[in-house]
Structure formats: structure tokens, C-alpha cells
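Chains, contacts and geometry: an overview
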Amino acid sequence: MREENSNSVPRSIPDRVDAVILGGGLSGLLLARQLRQEVPDLSVAVLERMRRPLPDACHKVGESSVSLGSQYLEKLKLTEYLLEEQIVKMGLRFFPGGGHLPLHERTEIGPSAEPVVRSYQLDRGKFEGDLRAFAEEDGVHLVEGAKVTEADLIEEKGSEADHSVSYELDGETRSMNARWVVDATGRNALMRRKLKLTRGVQHKANAGWFRVRGDIDMNEMVPRSEVEWFERPLGAERWRSTNHFMGVGYWAWIIPLSTDFTSIGLVVHEHVHGHECISSYEKMMDFLREHEPQLAAFLEPHEPQDYLCLRNYSNSVGRAWSPNRWAMVGEAGAFVDPLYSPGTDFIALANSFTTQVILEDRKGGCLDTKADNPAIAAPVIGKDVGAGTEFEVLPAVAAENIGHRARCHRITKPGDGVEAVIGCRIGAEAAQDGNIERWSDIAVTRGSIDTEQHPVG
Ligand SMILES: Cc1cc2nc3c(=O)[nH]c(=O)nc-3n(C[C@H](O)[C@H](O)[C@H](O)COP(=O)(O)OP(=O)(O)OC[C@H]3O[C@@H](n4cnc5c(N)ncnc54)[C@H](O)[C@@H]3O)c2cc1C
């Protein structure tokens, strides 16, 4: 399935296409696939600076998907691939309350049955390598080793002229013209920076992460004598969940990857812990030793294969779609917080909306009414609510397109204030039969918790 050789320069690189996507990460490659499927006569190029082969596991952060994003991947005809090559996830699992109780005595929130709406744990190196090979099979002009240096956008309203993109390939400067330019350069955010459209959010958080070799089964943190822990429904399958260890102002994740690696990460809220605690692997482990001693002791013998961190990762965007035929998708647009793994959901929403706007343009429709809509131009806003982050997903048009509604559960302990805020998406069928408890991919398996429901979608 995996494309192993670098195959970096396609036989002929067109100097004009209908849509050029800057950056071939998750959002760019999925958009290229969606466009080839939904607008088959559209010529599509992806300019990506990194060449294959991509490493397993130690590539990018963003490995846990939830139901909305996963259904998007399935809609793009990736189901068979995902079932064979990635891990079917056992939903999200949360251990709030800080790490000073033995694990089996902490509140556990997670699925007690195999979630009906499937989701996946994604090895990003493997997935992006495979998506590149699929893109080539789909007729996408994938140019690897192409570093985009400039996007000259035509900003006169109503102009039919092409945009022009400059890029460097093998020491040569080249250009490509296109009717549509979509920025998918992730945190490089080429167009957002150029157009000065970056907007701040109140939420200030930082993260550090690394991968270790082998499977990590957190059940090994609990003595076999704790029979009740092992007998909880699907207790043996905890390892397939995205496991969250949460305390005031922080949470740590464990995510299994299909290539025999495990991803470990820590998110800290700036106003509680500051960014120093994620500035290196050693600092992150010191933090875990203090706040999650059991988890730290469990991880200690596993050698880190990489270490990366990001400070202040949240931002919003002034505009992500323009009637002048440009768009921003993935982290090149807005990104607020990884709690509840919504990154692929937002890619699904942004890519689907971009596809709709391009289709509208093909039909000769008026883009102003679609793309010039402030509610759509700022797709994601996040609101800091103490220990967690509450999300609002605004583009109802795009959400409806995928057939989902979204909800947040605010989890509180009486008198203690907010302990965690957990998003919960409900599958299309759930929306139809209205049976939220049955279809939700989060269920409380233990502990008495007040849950307040906040419809947000
Ligand atoms: C701490 C943290 C945890 C996260 N966890 C999750 C999670 O569990 N699940 C989830 O769904 N999401 C998660 N996310 C979000 C996730 O990382 C993003 O949703 C996803 O990686 C965004 O994909 P992208 O394609 O926008 O960006 P990227 O994957 O970064 O792709 C951008 C691509 O553009 C290329 N590029 C950049 N500049 C240029 C240039 N000038 N020329 C050519 N190419 C260029 C890069 O090489 C790269 O391949 C997390 C984010 C953070 C910060």
C-alpha cells in the first residue's frame, strides 16, 4: 500500500491548473482527493516541499480522529484502507482529577461498547505517504520537493485572471497559474501571514509530544488483583482509545499507532502551568513525575524516538474563503485546541466547504453569497473555560453536508467548578433517530458526574 520510493518529480509539471493546493499534508491531500472525486474534470496540483519516503510515526502530531472526521475519511472511499492499515479506535477515554490516586480509583469516562460511529488512530507518516500515492493514482499533479515562496493573488472583484504561485524545485524557481489557490501549508500559513489575517484567541496553551516504540497498554499500570477494573465493559480494549490523563490546567494523551509505535503528549494551559514544562522531553517528564507519577513511572523505561513542542498553538483567522477564488484549509486557517481530537473534523468541514464553493464557481454561481459570509469565514472559535476548552462549530452549511451535529459535555464536580469539558459529536443516524445516549461515542462508565449538555452545532 505504501509508496516507498521518492518519485518526486512528475514527468511533466503543468504551468496551469484549475486548482493548486499549497502543501500536501493531511488537509491538502484530502482536499485533492475530494476534488478529484466530486469535480472529476477539475485539474488539481499539490505543491509539497517534503519528499517521500516519510517516516513512520515520527512525522506529525494529530493522530487521533473522532466520528465526524472519520466519516469524512470513509466518505472519501478510504474505509478499506483504514481498516487494513490503521487502528480502529475505541473512542475517547478520560481520567480526570489529577494523578495522585491509583489509576483504577480515578473516574473513568469512556465507551462501554464498541462505538457505532467508527473512528481511527492514524499514523500520520504512513497515512500521508499512502495518501500521496493515492493522489497520484487519482490524477492529481503532485509535485514533491516544491517549496512555495509566493502566492500572487488577484484581488480585483470580478476579475477572471488566474492567480500565480511561485515555488522552488531542485534549485530552480518556477511558477504555476491557477483559477483557485488553496493554502494548506499548515502552521506555515503562507497566505494567512501574507494577507495579515491571523487573529488571536483568548485560549493560551502549549503542547509537547514524543513517540516510543511498541504498544503501551495502560492496563499494565493496574495490579491484576483489581478485578473490578479489568471486568469493566471492554476493559481489555482500553489501549485502542485515545486515553487522556487530566488534572487542573493540563492533560496528557496516549495514542496507539499501527506501525508499532505509541504517541505520548502533554497539553498545558499557559495561565496555570506556563510553557517551560513542555520545552524539552526532560521537562515534560519532570512535569508528569509531579502531576501524573504513575504515568511517568510507566513511561520511564520507554526511550523517546523524537520530541517536539509547540508554544501558544491557538489562532483564529479573519477570513478563510474569498469570493476572489482562494481558500485556507487545515491549520493554515484556524486551530484552537486538540482536546477531543477535532483537527480532522475541521479539515472535513473546511475541505467540504471549499469543494462546495469551487463547485458553485464551476456552475457560474455568485461566490459572494457563499464565500463572503463572516460566519463561514471564521469557522472555529474556542472559549477558555478553565481546565478545558469549549468549541463552537459555526459553518452549519458544511456540518449539514457531512450530516453531523455537535455537542459539548461540561463535566463538573459539585462545588469544585469545571473539571473538564468534553466535546461529543453525534453521528448522522443519531441525528435522525434522536437517541443521543445510544450513538454518542462517549459514555460514562464509572463515577457520578453532573453533566450539563451544551448544544453547539
Ligand atoms: C498538540 C496538538 C495535537 C493535535 N492532535 C490532534 C489529533 O489528535 N487529531 C486531529 O485530528 N488533529 C490534531 N491536531 C491538529 C492536527 O495537527 C491538524 O489537524 C493537522 O495536522 C493539520 O493538517 P494540515 O494539513 O493543515 O497541516 P500539516 O499536516 O502540517 O501539513 C502542511 C503541509 O504543508 C507543507 N508546507 C508548508 N509550507 C510549505 C511551503 N512553503 N511549500 C510547500 N509545502 C509547504 C508541509 O511540508 C506540510 O506537509 C493537533 C494539533 C496540535 C497542535
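As a reminder, the structure under discussion sits directly above these lines.
Residues numbered from 1 in each chain as written. Predicted model: local features only at pLDDT ≥ 70, side-chain atom pairs only at ≥ 80, totals over all residues.

Quick notes on the site of the ligand
We count it as follows: For each residue, a C-beta atom is placed from the backbone, and the residue is labelled near a molecule or strand when this atom is within 6 Å of it. We count a stretch as a helix when DSSP gives it H or I for four or more residues in a row; a strand needs E for two or more, and each element gets its number in order from the N terminus. In the scheme used here, Gly and all other residues not listed as nonpolar or charged are polar, with Ala, Val, Leu, Ile, Met, Phe, Trp, Tyr, Cys and Pro taken as nonpolar and Asp, Glu, Lys and Arg as charged.
With respect to spatial proximity, 37 residues lie near the ligand, and among them Gly23, Gly25, Gly186, Gly330 and Gly343 are the closest. Put simply, the parts of the chain that give the shell around the ligand at least two residues each are helix 1 (26–38), strand 2 (44–48), strand 7 (147–152) and helix 10 (343–362). Of the residues in the shell around the ligand, the class split is 15 nonpolar, 16 polar and six charged.

Structural notes on the environment of Ser352
Our working rule: Each residue is classified by how many other C-beta atoms fall within 10 Å of its C-beta atom, where C-beta atoms are placed from the backbone; a count of 20 or more means buried, 12 or fewer means exposed, and values in between mean partly exposed.
By secondary structure assignment, the location of Ser352 is in helix 10. Look at Ser352 and you get buried, because 24 C-beta atoms sit within 10 Å. For the pair Ser352 and Leu30, spaced 322 residues apart in the sequence, the C-alpha separation amounts to 10.0 Å.

Details of the pairing of strand 8 (residues 163–169)
Residues in a regular strand point their side chains to alternate faces of the sheet. The cut-off we apply is this: What makes two strands pair is DSSP finding at least two bridges between them.
Pairing geometry for strand 7 and strand 8, over five bridges, is antiparallel. Within strand 8, the position partnered with Val148 by the bridge is Tyr167. Relative to strand 9 (residues 172–183), strand 8 runs antiparallel, the two sharing seven bridges. From the neighbouring strand, Ser164 faces strand 9, where its bridge partner is Asn177.

Looking at helix 10
The test is simple: In a helix, the anticipated span is given by 1.5 Å times the number of residues less one.
Here helix 10 spans 28 Å end to end across 20 residues, near enough to the 28 Å set by a 1.5 Å rise per residue. Burial within helix 10 is extensive, with 16 of its 20 residues counted as buried. One or two residues past the end of helix 10 sits Gly364, with phi positive at roughly 80°.

Structural notes on helix 1
To keep things clear, this is the line we draw: Once C-beta atoms have been placed from the backbone, residue pairs whose C-beta atoms lie within 7 Å are recorded as contacts.
Taking 1.5 Å per residue, 13 residues should reach 18 Å; helix 1 reaches 18 Å between its end C-alpha atoms and fits that length. Helix 1 sits mainly inside the fold: eleven of its 13 residues count as buried. Listed as buried for helix 1 are Leu26, Ser27, Gly28, Leu29, Leu30, Leu31, Ala32, Arg33, Gln34, Leu35 and Arg36. Of the surrounding secondary structure, the elements contacted by the buried residues of helix 1 are strand 1 (16–22), strand 2, helix 4 (124–137), strand 9 and helix 10.

A look at the packing of helix 1 against helix 10
Packed helices, taken two at a time, are described by their axes: the angle between them and the distance between them. Put simply, the test is: Angles shown run from 0 to 180 degrees and are taken between the N-to-C directions of axes, each axis being a line fitted to C-alpha atoms and, for helices, limited to the stretch in contact. For classification purposes, an angle smaller than 35 degrees is called roughly parallel, one larger than 145 roughly antiparallel, one from 65 to 115 roughly perpendicular, and anything else oblique. When the near helix sits turned anticlockwise from the far one by under a right angle, the crossing is termed left-handed; a clockwise turn instead gives a right-handed crossing.
Their axes nearest at 10 Å, the elements helix 1 and helix 10 cross at an angle of 40°. In terms of axis orientation, helix 1 runs oblique to helix 10. Where helix 1 crosses over helix 10, the handedness of that crossing is right-handed. When helix 1 is examined against helix 10, the residues Leu26, Ser27, Leu30, Leu31, Gln34, Leu35 and Glu38 are found in contact with a partner set consisting of Ile347, Asn351, Thr354, Thr355 and Ile358. Here the residues of the contact of helix 1 with helix 10 sort into six nonpolar, five polar and one charged.

Describing the sheet that holds strand 11 (residues 205–213)
Strand order in the open sheet formed by six strands is 4-12-13-14-11-15, with mixed pairing between adjacent strands. This sheet does not close on itself; its edge strands, each paired only once, are strand 4 (92–95) and strand 15 (308–310). Strand-to-strand twist of the sheet, defined as the mean angle between neighbouring strand axes without regard to direction, takes the value 15°. As paired strands, strand 11 and strand 15 are joined by three bridges and run antiparallel to one another. Looking at the pairing, Gly208 lines up with Cys309 of strand 15.

Taken by themselves, the reported measurements are silent on function.
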